[in-house]
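# Tertiary structure, described
Listed below, chain by chain, are the residues.
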Amino acid sequence: MTTLNWKDRGTFYSVSNKKIFVIDEGTSKDVLVILHGYPTSSFDYEKILPELSKHYRVIIHDHPGFGFSDKPDSLTYSLIDQADFALQLWYKMGLKEVTILAHDYGTSVAKEILARKNHNQITIKIKKVFLCNSSKRLEYFHLRNMDQLLKNKRLGSFIAQLEANGVRKIKKKITIENQPKNDIQKVWNNLNSDEGKKEVHLLSNFINQHYTFWHRWAQALKESKIPIKIIWERNDPSAVKEIAIVLATEKGNHNLEWLENTRHYSILDTPKHWLKLVFKFNCAAMY
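As a starting point, this report considers the structure included with it. Just so we're clear, the structure is a prediction, and the values are computed from it rather than from any experiment.

A word on the side chain of Glu46. Among the secondary structure elements, Glu46 is positioned in the loop between strand S3 (31-35) and helix H2 (49-55). Filtering out sequence-adjacent residues up to four positions away, Glu46 remains in contact with Met1 and Trp6.

Here it is in structure tokens:
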């Protein structure tokens, strides 16, 4: 599937006068909302959506600044803003009860939503939360030279592309003529849609916000009464396993499970394996 095919599969909602791209598939009463990672988009879930939508109504949106959603210069693209947009979208879609699946960047958005839920600031019921990789704790978070470059207005988009290709090495090629040659290129093209490349250095502001809001989000995990499952790729090159261990031991209802022999983007690399380990689905018929 190409990114243009993916765009045709979705629709747009207006949230605070911004266009938000949304995929909404499945007919189940159980709703799974997905918060995607950095620097990618809802397209990360193209391979697993058919199986997920057998069990859930699946709603995935592109965060503002990502994918096919609007990328206005006026936004700060803070993680707090992303939580606002997600919640406004869910309210607009009439959602009353959801399960949250969050990956990478999206895990911070999910924790901000948990913090608000703990303080009775939102009315949506949250049944369960899946946190996949990169729920960083302050003591394990180091502002690397690469992170500094990500925030650079001139170099940010170039560095983000290097990281995207370096972290997610996907061997499977597609042969459709005049289309990107692999999944990474398709994901990167999606980020660049609507001149998104010029906003990458702003999207990278989340790096500082891990420091600013760390205590708030750590407290959100400790206080939450909602079942939280932490799924971590043991050999993840981007988020060291010690982060997962500490997160999982902070509270009894946090259930840590390891994904073996996978990498940071196993959703794309090994979707069948990922679905079996995370959701316990039997995907024998899946490609």
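There's more to say after this.
Unlike most non-glycine residues, Asp104 shows phi in positive territory, near 60°. Among the residues examined, Asp104 registers a relative accessible area of 10% and is labelled buried. Phi at Asn120 is positive, roughly 55°, even though this residue is not glycine. Along the chain, the position of Asn120 falls in the loop between helix H4 (105-118) and strand S6 (125-132). In this structure Asn120 comes out as exposed when scored by relative accessible area, which is 69%.

Looking now at the packing of H4 against helix H10 (residues 214-223). Direction vectors running N to C along H4 and H10 enclose 60°, while the axes themselves pass 8 Å from each other. Considering how the two elements wind past one another, H4 and H10 form a crossing that is left-handed. The segment H4 lies against H10, with Ser108, Lys111, Glu112, Leu114, Ala115, Arg116 and Asn118 engaging Arg216, Trp217, Gln219, Ala220, Leu221 and Glu223. When its residues are assigned to classes, the contact of H4 with H10 shows five nonpolar, three polar and five charged.

Core analysis: the biggest nonpolar cluster contains 40 residues, and Leu35, Trp90, Ile100 and Ile113 have the highest contact counts within it. At seven residues, helix H3 (residues 79-92) tops the list of elements feeding residues into this core. Residues within four places of Trp90 in sequence aside, it is in contact with Val33, Leu35, His61, Leu95, Ile100, Ile113 and Ile124. In this structure, Leu52, Ile60, Leu101 and Ile231 belong to the second largest nonpolar core, which totals 24 residues.

Moving on to the pairing of S6. The pairing of strand S5 (residues 97-103) with S6 spans seven bridges and is parallel. From the neighbouring strand, Val98 faces S6, where its bridge partner is Ile126. Chirality of the crossover, the property in question, places the unit of S5, H4 and S6 among those that are right-handed.

Of note, Phe68 is situated in the loop between strand S4 (57-61) and H3. For Phe68, a relative accessible area of 6% translates into the label buried. With 48 residues separating them in the primary sequence, Phe68 and Ile20 have C-alpha atoms 7.5 Å apart.

Glancing now at the packing of H3 against H4. H4 packs onto H3 with a crossing angle of 70° between their chain directions and a minimal axis gap of 9 Å. Between H3 and H4, the interaxial angle falls into the category roughly perpendicular. On H4, the residues touching Leu79, Ile80, Gln82, Ala83, Asp84, Ala86, Leu87 and Trp90 of H3 are Tyr105, Ser108, Val109, Glu112, Ile113 and Arg116.

Moving on, we come to H4. If you check H4, its first and last C-alpha atoms are 21 Å apart, about what 14 residues at 1.5 Å a residue would give, namely 20 Å. The buried count for H4 comes to 12 of 14 residues, which makes it a mostly enclosed element. Those residues of H4 that sit buried are Tyr105, Gly106, Thr107, Ser108, Val109, Ala110, Lys111, Glu112, Ile113, Leu114, Ala115 and Arg116. Where H4 terminates, the next one or two residues include Asn120, which has phi positive at roughly 55°.

A word on the pattern of salt bridges. Side chains carrying opposite charge are able to pair once their charged atoms draw close together. Scanning all chains against the criterion turns up eight salt bridges. Between Glu51 and Lys54 there is a salt bridge whose closest N-O contact spans 3.2 Å. Here Lys54 and Glu51 lie together in helix H2, a separation of three residues that amounts to about one turn. On the basis of relative accessible area, Glu51 is assigned to the buried category, the value being 9%.

Right, let's talk about the environment of Asp84 for a bit. Note that Asp84 resides in helix H3. As a C-alpha pair, Asp84 and Val109 span 25 residues in sequence and 9.1 Å in three-dimensional space.

Each value, and the rule that gives it
Residues numbered from 1 in each chain as written. Predicted model: local features only at pLDDT ≥ 70, side-chain atom pairs only at ≥ 80, totals over all residues. Heavy atoms only, no water. Helix = DSSP H or I, 4+ residues; strand = E, 2+ residues; numbered from the N terminus. Contact = heavy atoms within 4.5 Å. Buried < 20%, exposed > 50% of the residue type's maximum accessible area, 1.4 Å probe, protein only. Axes fitted to C-alpha atoms, helices over the stretch in contact; angles between N-to-C directions. Left-handed = near helix turned anticlockwise from the far one by under 90°. Nonpolar A, V, L, I, M, F, W, Y, C, P; charged D, E, K, R; others polar. Core = buried A, V, L, I, M, F, W, Y, C linked by side-chain atoms within 4.5 Å. Pairing = 2+ DSSP bridges. Right-handed = clockwise from strand over helix to strand, strands pointing away. Parallel < 35°, antiparallel > 145°, perpendicular 65-115°, else oblique. Expected span 1.5 Å × (residues − 1). Salt bridge = Lys/Arg side-chain N within 4 Å of Asp/Glu carboxyl O.

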